[in-house]
Amino acid sequence: MLPLDSLPPITPAQRWAPELLLRAQEVRVAFFDVDGVLTDGGLYFTEFPEADPRGGGETIKRFNTLDGHGLKLLQRAGIVPAVVTGRDSRPLRARLAALGIAHAHFGTEDKRPAAQATLDALGLGWHQAAAMGDDWPDLPMLRRAAFACAPCGAHAELLAVAHHVTRATAGHGAVRECCDLLLAATGRYDALLQEYAH
């Protein structure tokens, strides 16, 4: 067995089409929808007794740790992850806070102005943006972004405009796949991988 300090570099297992890497190489901000992208799109509600003042129940969200780590890696590589979602919930806010995501817009169906506000705040343009979504409200972001991504289970209209459709499903590593591609396009994937491999 080799001593830890003499391990050879690890060869990345993932390969991306050169045209995808070229399209995404200037990305400095990545917009993500939540339901159907960061989650599997299912809406889970608990049931409270009739007398409970909370009414019909609390929303429960399931997030994937691969996706979460991908979002953290983007931040390390200088790419700002941002969330634009039509819904809002305490579990979502708690998860985004734990991931250190500072740019988030909640409860907005008109996603383009929300994304534009983030671009303006960061001093960036759409040519430096990636976007990932799964349904019609996400179309304005995907159509403007330099790099558009959709999970494989997205609506047909999103699949038609996406530059990359993930092999992984929403809520099960699709966001991580998009993050890995962005890291590779900006030249940071290999260096980050080597850090973890030793």
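Only a predicted model underlies this, so the values are computations on that prediction, with no experimental measurement involved.

A separate point is the overall build of the protein chain. Helix and strand counts for the protein chain stand at 8 helices and 8 strands. For 198 residues, the compact-globule formula gives about 16 Å, and the C-alpha radius of gyration of the protein chain, at 18 Å, lands near that figure. C-alpha extents for the protein chain along the principal axes are approximately 65 × 40 × 30 Å. A total of about 10,000 Å² of accessible surface is found on the protein chain, and carbon and sulfur atoms cover 54% of it. Charged side chains of the protein chain number 19 positive and 23 negative; the gap between the two group centres comes to 4 Å.

Strand order in this open sheet of 6 strands is β5-β4-β1-β6-β7-β8, and the pairing throughout is parallel. This sheet does not close on itself; its edge strands, each paired only once, are β5 (103–105) and β8 (164–165). Bridge analysis of strand β1 (residues 29–32) against strand β4 (residues 80–84) gives 4 bridges, and the strand direction is parallel. Its bridge partner being in β4, A30 is matched across the sheet by P81.

Another aspect to go through is the packing of aromatic side chains. Within a pair of aromatic rings, the relevant descriptors are the distance that separates the centres and the angle that separates the planes. Tallying each qualifying case throughout the model produces 1 aromatic pair. Consider the rings of F31 and W126, whose centres lie 5.9 Å apart with planes at 45 degrees: the pair is tilted. Placement of the pair is F31 in strand β1 and W126 in the loop between α4 (111–122) and β6 (129–132), with a sequence separation of 95 residues. Across the pair, exposure class does not vary: F31 and W126 are buried alike.

Turning next to the pairing of β1. Burial along β1 is two-sided: V29 and F31 facing one way and A30 and F32 facing the other are all buried. The sheet contact formed by β1 and β6 spans 4 bridges and is parallel. Its bridge partner being in β6, A30 is matched across the sheet by A130.

Another aspect to go through is the packing of helix α2 (residues 65–76) against helix α3 (residues 90–99). Each pair of packed helices can be summarised by the angle the axes make with each other and by the distance between the axes. It is at 10 Å that the axes of α2 and α3 come closest, and there the two elements cross at 45 degrees. Comparing the axis directions of α2 and α3 gives the class oblique. Residue-level contacts link T65, G68, L71, K72 and Q75 of α2 to R95, A98 and L99 of α3. Residues of the contact of α2 with α3, tallied by class, amount to 3 nonpolar, 3 polar and 2 charged.

Bringing the pattern of salt bridges into the picture now. Under the criterion given, the structure shown has 7 salt bridges. Its salt-bridge partner being R176, residue D180 comes within 3.0 Å of it at the nearest N-O pair. Of this pair, D180 and R176 are both found in helix α7 (residues 174–185), 4 residues apart, which corresponds to roughly one turn of the helix. D180 sits in the buried class, given a relative accessible area of 7%. Through salt bridges with shared partners, a single ionic network connects D33, K111 and D138.

Thresholds, definitions, all that
- Residues numbered from 1 in each chain as written.
- Predicted model: local features only at pLDDT ≥ 70, side-chain atom pairs only at ≥ 80, totals over all residues.
- Heavy atoms only, no water.
- Helix = DSSP H or I, 4+ residues; strand = E, 2+ residues; numbered from the N terminus.
- Rg over C-alpha atoms; globule rule 2.2 N^0.38 Å.
- Areas by Shrake-Rupley, 256 points an atom, 1.4 Å probe, with all protein chains shown as cover.
- Lys, Arg positive; Asp, Glu negative; His and termini not counted.
- Charge placed at Lys NZ, Arg CZ, Asp CG, Glu CD.
- Pairing = 2+ DSSP bridges.
- Phe/Tyr/Trp six-rings, centres within 6.5 Å; stacked < 30°, edge-to-face > 60°.
- Buried < 20%, exposed > 50% of the residue type's maximum accessible area, 1.4 Å probe, protein only.
- Axes fitted to C-alpha atoms, helices over the stretch in contact; angles between N-to-C directions.
- Parallel < 35°, antiparallel > 145°, perpendicular 65-115°, else oblique.
- Contact = heavy atoms within 4.5 Å.
- Nonpolar A, V, L, I, M, F, W, Y, C, P; charged D, E, K, R; others polar.
- Salt bridge = Lys/Arg side-chain N within 4 Å of Asp/Glu carboxyl O.

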